[in-house]
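Next come the chains, spelled out residue by residue.
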Amino acid sequence: ACFSLLPSPPVIKKKVCRSCPNAALIRWESGNTNPVDSYTVELGEISRERSETAVTESIVGIPTYESIIQLLSGRSYLIYVRAVNIGGPSERSDPVIIYTTGGTLFHLNEETAHPSLAISEDGFTMFYGDEYTELNDITLSDNAFSRCVAIMGELIPIRGKHYWEVEVEEHTEYRIGVAYEDTQRNGYLGANNTSWCMRHVMTPSRHKYEFLHNGSTPDIRITMHPKRIGVSLDYETGKLAFFNTDLSQHIYTYKCHFLHYVHPCFALEKPGALTVHNGIEAPEYITFS
Amino acid sequence: MALTLVSSNKCFDGFQKVFEHDSTELKCKMRFGIYLPPKAEGGKCPVLYWLSGLTCTEQNFITKAGSQQEAAEHGIIIVSPDTSPRGCNIEGEDESWDFGTGAGFYVNATEDQWKVNYRMYSYITEELPHLINSNFPADSERMSISGHSMGGHGALICALKNPGKYKSVSAFAPICNPMQCPWGQKAFSGYLGSDKSKWESYDATVLVSAYSGPQLDILIDQGRDDQFLAAGQLLPDNFIAACTEKKIPVVFRLQQVCILILSLVFV
C-alpha cells in the first residue's frame, strides 16, 4: 500500500488581497514544499445572527496561487484556501475577511516603488524625502519606477466601476492617475500612451494643473486647489474622472477605452507626501460625470 | 398669460416648440424656444435656461446647437429666449448689431429711451420662469442657466445676483468683465448711463467679489483662437482672478476648437 501525505494548508497573503463591491482577488502561498495538484477556495458569508460562519460555496481545481471570486455587495465574507494533492485536501488555511461594503480596496505594490519613496507602515501613505537616493548604489528591480518617483497600486482586475481618493497638501506636486500593468518603468506618468494622470505643479506665479496622456494636456485652470482628489474609473463607459471631493466639484474626465486592465498610480514631483484612501463608496455626484 | 404656439417639431421623441406671448416686462411680443424631452410627458423635468449671444433670436440655439439629443437622453427641458425686445420703435434700436435689437445684454435699462422695454434681466429671472413653471411640466426647484458670449455674461450675472436660484451655471466664451471691454462699455453707457457705479451690478467680475451665498460651481469653455478673446472683449482672466481671490470654484477650459462667437458649432 502506498500512503500519501495530506498537504499542509496554504497561507493567505492578506496584505495583497484586493476587493471591490462585486468580487475579491485572493492570493496565497503554497505552504508546502511538495507539489500541490490544485487549490480549493471555500467561503461563507458572515452573519450577525450566527457566531459560526458556515461555508456555503466552494471553488475547486484552482491551478495557481490566486483566484478572483464573485461576491455580493454589501456583505462580509470569511474566505479559506485548501491545498489538494493525490492524498486529498489539506486543513483550511487561516481565513481572510473580505468586506464588499464600501468600494474598491487595493494596496500599493512596494515592488514598483521608486527607491526614493518610503511607504508608511499601514501601506497607504508615501513619502518622498529630501535626501536624494543615489540610484547607482541600488540594484533596481525590473518592476520599480526608475525616473518618475512613482508607485503603482494593485487594482482588482474586474470591469465595472472603481473609486478611490488621494489626500495631498495645497502645495504638494504630484501625478495621480492610472496605467497599464506594463507601463514603462523608466517613463513618467502621463508622458506615454500607457498612462493617464492629473498633474499638479507650482510655478512662481500660480498653481498649474495638467491632465497628461501621451505627453499632451488640455488647457485647464481651476480656482480652488484640491486637497482631496476623488478618482473614478469606469471600464464600461471608458471614463477616468477627477473630482475635488471637498467641494463635490468635477474637475476633468478622460474618455478612453482601456485595452487592458489598469492600476492606480501615484507619483511625487518634489519632496512631499500623499495618502491614498480606498474602500470608499463613490459619492452620489460621481454618477453624473 | 396666453401663450401662442408658433411651431412644433418632433425631435428625438420629444418636441421642439416655439411660443409667442405678450411680455409684461418688455411691453412687446416675445418668442422663446422650448424643448420638451420625452420624459416630460410623464412628470416634471428640470429646466435649463439658455441665453444666446449678440444678434441671435430664439432660433439660433434651436437650429445650430444640436442640444435636443442630450436633453432627450437626460430628461431636461431647455428654454431658449430671444436676446432683446423687438419692434419697439425706439430710435436707434436697429442701428448697430451690438446694441439695441438683438443685444439686450440682460440688464434692466435705466436710461429714458430704453427703460420701458429693455428689461431683459427681469424677463429672464422673473417673468419667463413664472411663465414656464405655470404652463409646462417644469420642476421649479431645479433650474440651471447657461449661455454663449453675451448670453454667457447673462448666465453668470443671473446666477451671481440670485444666490441659490440656479442649480448650476456654465458659459461658453462669456463676456466676463463688460465694464472693461468695448461691447460692455457701449451697452452699459447706452442702457444705464454714464454713472459707472450703476454698471457694477451687471458685471460678473465685480459681482464675484461681493458674492455671498451657497457654493457655486462654475464651468467656462473658451475657444483658444476666438477672435473676440484676442480683441479683449471677453476677459476671462479677470473673472478667474476674482474667483480665485474670493475662493469660488471655477473650472475654465481653453479649447483647441475655434469658437466663432456668432456660430454655435462647438455647442
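Each residue is numbered by its place in its chain's sequence as written, counting from 1. For this description, chains carry letters from A and ligands carry numbers from 1, given in the order in which they are written. Totals for whole chains, interfaces and linings use every residue, but because this is a predicted model, local features are given only for residues with pLDDT of at least 70 and side-chain atom pairs only at 80 or more, for both listing and counting. In computing side-chain values, all of the structure's heavy atoms are included and hydrogens and water are not.

Within an unreviewed UniProt entry, the label attached to chain B reads S-formylglutathione hydrolase, and the organism entered is Polyodon spathula. UniProt positions are given in the numbering used here, feature names are shortened, and annotations may be inferred rather than shown by experiment. Quoted straight from UniProt, the Sequence similarities (unreviewed entry) entry for chain B says "Belongs to the esterase D family."

The name recorded for chain A in an unreviewed UniProt entry is FSD2 protein, from Polyodon spathula.

Comments concerning the overall build of chain A
Every helix listed is a DSSP run of H or I at least four residues long, and every strand listed is a run of E at least two residues long, numbered separately from the N terminus. Assigned secondary structure in chain A consists of zero helices and 23 strands. By principal-axis analysis of the C-alpha atoms, chain A measures approximately 80 × 50 × 35 Å. Residues counted as buried form 52% of the 289 residues belonging to chain A. Residue contacts follow a heavy-atom distance rule, with two residues in contact if any of their heavy atoms lie within 4.5 Å. Contacts in chain A between residues far apart in sequence, at least 24 positions, make up 66% of those at least 6 positions apart. Only the protein chains shown count as covering a residue, and every accessible area follows the Shrake-Rupley method with a 1.4 Å probe. When the accessible area of chain A is evaluated, it comes to approximately 14,300 Å², of which 49% is carbon and sulfur surface. Positive charges come from Lys and Arg alone, negative charges from Asp and Glu alone, with His and the N- and C-terminal ends not counted. We put the charge of a Lys on NZ, of an Arg on CZ, of an Asp on CG and of a Glu on CD. Looking at charge distribution, chain A has the averaged site of its 24 positive side-chain charges lying 6 Å from that of its 35 negative ones. Using a 1.4 Å probe on the protein chains alone, a residue whose accessible area is under 20% of its type maximum counts as buried, one over 50% counts as exposed, and one in between counts as partly exposed.

Quick look at helix α5 (residues 182-192) of chain B
All names here are of chain B. Buried within α5 are the following residues: Trp183, Gly184, Ala187, Phe188, Gly190, Tyr191 and Leu192. In a view along the axis of α5, the buried residues occupy a sector of 165 degrees, so they form one face of it. On its buried face, α5 is in contact with α4 (150-161) and α7 (227-230). Among the residues trailing α5, glycine 193 stands out with phi positive, at a value near 90 degrees. It is the directions from the helix axis to the C-beta atoms whose arc is reported.

Quick notes on the side chain of histidine 200 of chain A
Residues and elements named next belong to chain A. Tracing the backbone through its elements, the reader meets histidine 200 in strand β16 (residues 195-202). Among the polar contacts made by the side chain of histidine 200, one reaches the main-chain carbonyl oxygen of threonine 172 at a distance of 2.6 Å. Polar contacts here mean pairs of N or O atoms no more than 3.5 Å apart (in protein, one a potential hydrogen donor and the other a potential acceptor; neighbouring residues in sequence count only if both atoms are side-chain atoms). Of the polar contacts made by the side chain of histidine 200, one reaches the side chain of histidine 207; its length is 2.9 Å. With sequence-adjacent residues up to four places away left out, histidine 200 is seen in contact with Glu170, His171, Thr172, Glu173, Tyr174, His207, Lys208 and Tyr209.

Focus: the packing of aromatic side chains
Two rings belonging to Phe, Tyr or Trp (six-membered ring only in the last case) form a pair when the distance between their centres is within 6.5 Å. Interplanar angles under 30 degrees mark stacking, angles over 60 mark edge-to-face geometry, and anything in between is tilted. Across all of its chains, the model carries 27 aromatic pairs over all chains by this definition. Pairing phenylalanine 106 of chain A with phenylalanine 266 of chain A gives two aromatic rings, centres 6.4 Å apart and planes at 15 degrees, and the pair type is stacked. Of this pair, phenylalanine 106 of chain A sits in the loop between β9 (96-99) and β10 (107-109) while phenylalanine 266 of chain A sits in strand β22 (residues 262-268), and the two are 160 residues apart along the sequence. Taken together, Tyr180, Trp196, Tyr235, Phe258 and Tyr261 of chain A form an aromatic cluster joined through their ring pairs. A ring has a charge above it when a Lys NZ or an Arg CZ is no more than 6 Å from the ring centre and no more than 35 degrees off the ring normal. Across the ring face of tyrosine 80 of chain A, the terminal group of arginine 92 of chain A is positioned such that the distance to the ring centre comes to 4.7 Å. The aromatic ring of tyrosine 202 of chain B is capped on one face by lysine 161 of chain B, whose charged end is 4.6 Å from the ring centroid.

Points about the interface of chain A and chain B
Taken together, the contact pairs eleven residues of chain A with 15 residues of chain B. By buried area we mean how much accessible surface two parts lose on assembly, using a 1.4 Å probe and totalling the loss over both. Between chain A and chain B, the buried area comes to about 1,200 Å², and carbon and sulfur atoms account for 51% of it. By the criterion of area lost to chain B, the three top residues of chain A are Asp219, Arg221 and Thr223 of chain A, representing 54% of everything that side buries. Salt bridges are counted wherever a side-chain nitrogen of Lys or Arg sits within 4 Å of a carboxyl oxygen of Asp or Glu. Connecting chain A to chain B are two salt bridges. Of the charged contacts, one joins arginine 224 of chain B and aspartate 219 of chain A as a salt bridge, the two residues approaching to 3.6 Å between their closest N and O atoms. There are six residue pairs in polar contact (both at pLDDT 80 or more) connecting chain A and chain B. Among the secondary structure elements, those contributing two or more residues to the side of chain A that touches chain B are β18 (219-222) and β21 (249-255) of chain A.

Remarks on helix α8 (residues 236-246) of chain B
Residue and element names in this part refer to chain B. Listed in full, the buried residues belonging to α8 are Pro236, Phe239, Ile240, Ala242 and Cys243. Along the long axis of α8, the arc covered by the buried residues comes to 165 degrees, so they all point the same way. Where α8 ends, the next residue or the one after it, lysine 247, has phi of about 55 degrees, a positive value.

Considering the state of the cysteines
In a disulfide, the sulfur atoms of two cysteines are covalently bonded to one another. Working definition: a disulfide is two cysteine sulfur atoms within 2.5 Å of each other. A complete count under the given rule lists zero disulfides over all chains for this structure. For the unlinked cysteine cysteine 148 of chain A, the closest cysteine sulfur is that of cysteine 197 of chain A, found at 7.6 Å. Classification of cysteine 148 of chain A by relative accessible area gives buried; the value is 3%. Free of any disulfide, cysteine 11 of chain B has its nearest cysteine sulfur in cysteine 45 of chain B, 15 Å distant.

Comments concerning the side chain of glutamate 20 of chain B
Residue and element names in this part refer to chain B. Take glutamate 20: it is sitting in strand β2 (residues 14-23). Polar contacts involving the side chain of glutamate 20 include one to the side chain of arginine 31, which spans 3.0 Å. In this view, glutamate 20 contacts Ala2, Leu3, Thr4, Val6, Lys29, Met30 and Arg31; residues no more than four positions away in its chain are not counted.

Overview of the pattern of salt bridges
All chains considered together, the criterion is met by 24 salt bridges over all chains. Several salt bridges share partner residues, and in doing so they unite Arg175, Arg199, Lys208, Glu210 and Glu269 of chain A into one network.

Digging into the sheet that holds strand β12 (residues 125-128) of chain A
Residue and element names in this part refer to chain A. The strand order β11-β12-β23-β14-β19-β20-β21 describes an open sheet built from seven strands, whose pairing is antiparallel. Edge positions in the sheet fall to β11 (117-119) and β21, since each has one partner strand and no second. Averaged over all pairs of adjacent strands, the angle between strand axes in this sheet comes to 20 degrees, irrespective of strand direction. By the convention used here, strands pair only if DSSP detects at least 2 bridges between them. In this sheet, strand β19 (residues 228-234) lies alongside strand β14 (residues 161-167) in antiparallel orientation, the contact comprising seven bridges. Its bridge partner being in β19, glutamate 167 is matched across the sheet by arginine 228. Axes here refer to lines fitted to C-alpha atoms; in helices the fit is confined to the stretch in contact. Angles between the N-to-C directions go from 0 to 180 degrees.

Considering the environment of glycine 66 of chain B
Residue and element names in this part refer to chain B. Along the chain, glycine 66 turns up in the loop between α1 (59-64) and α2 (68-74). Residue glycine 66 is classed as exposed on the basis of its relative accessible area, which comes to 52%. Taking the C-alpha atoms as reference points, glycine 66 and alanine 2, separated by 64 residues in sequence, lie 29 Å from one another.

Focus on the nonpolar core
Nonpolar cores were defined as sets of buried Ala, Val, Leu, Ile, Met, Phe, Trp, Tyr and Cys residues, with membership established by side-chain atoms within 4.5 Å. Counting residues in each nonpolar core, the largest one holds 74 residues, and the members touching the most others are Phe32, Phe105, Ile145, Tyr191 and Phe239 of chain B. The residues contacting phenylalanine 105 of chain B, other than those within four sequence positions of it, are Leu54, Thr83, Asp98, Met150, His153, Ile175, Trp183, Ala187 and Tyr191 of chain B. Val166, Tyr174 and Tyr235 of chain A together with Val251 of chain B belong to the second largest nonpolar core, which has 41 residues in total.

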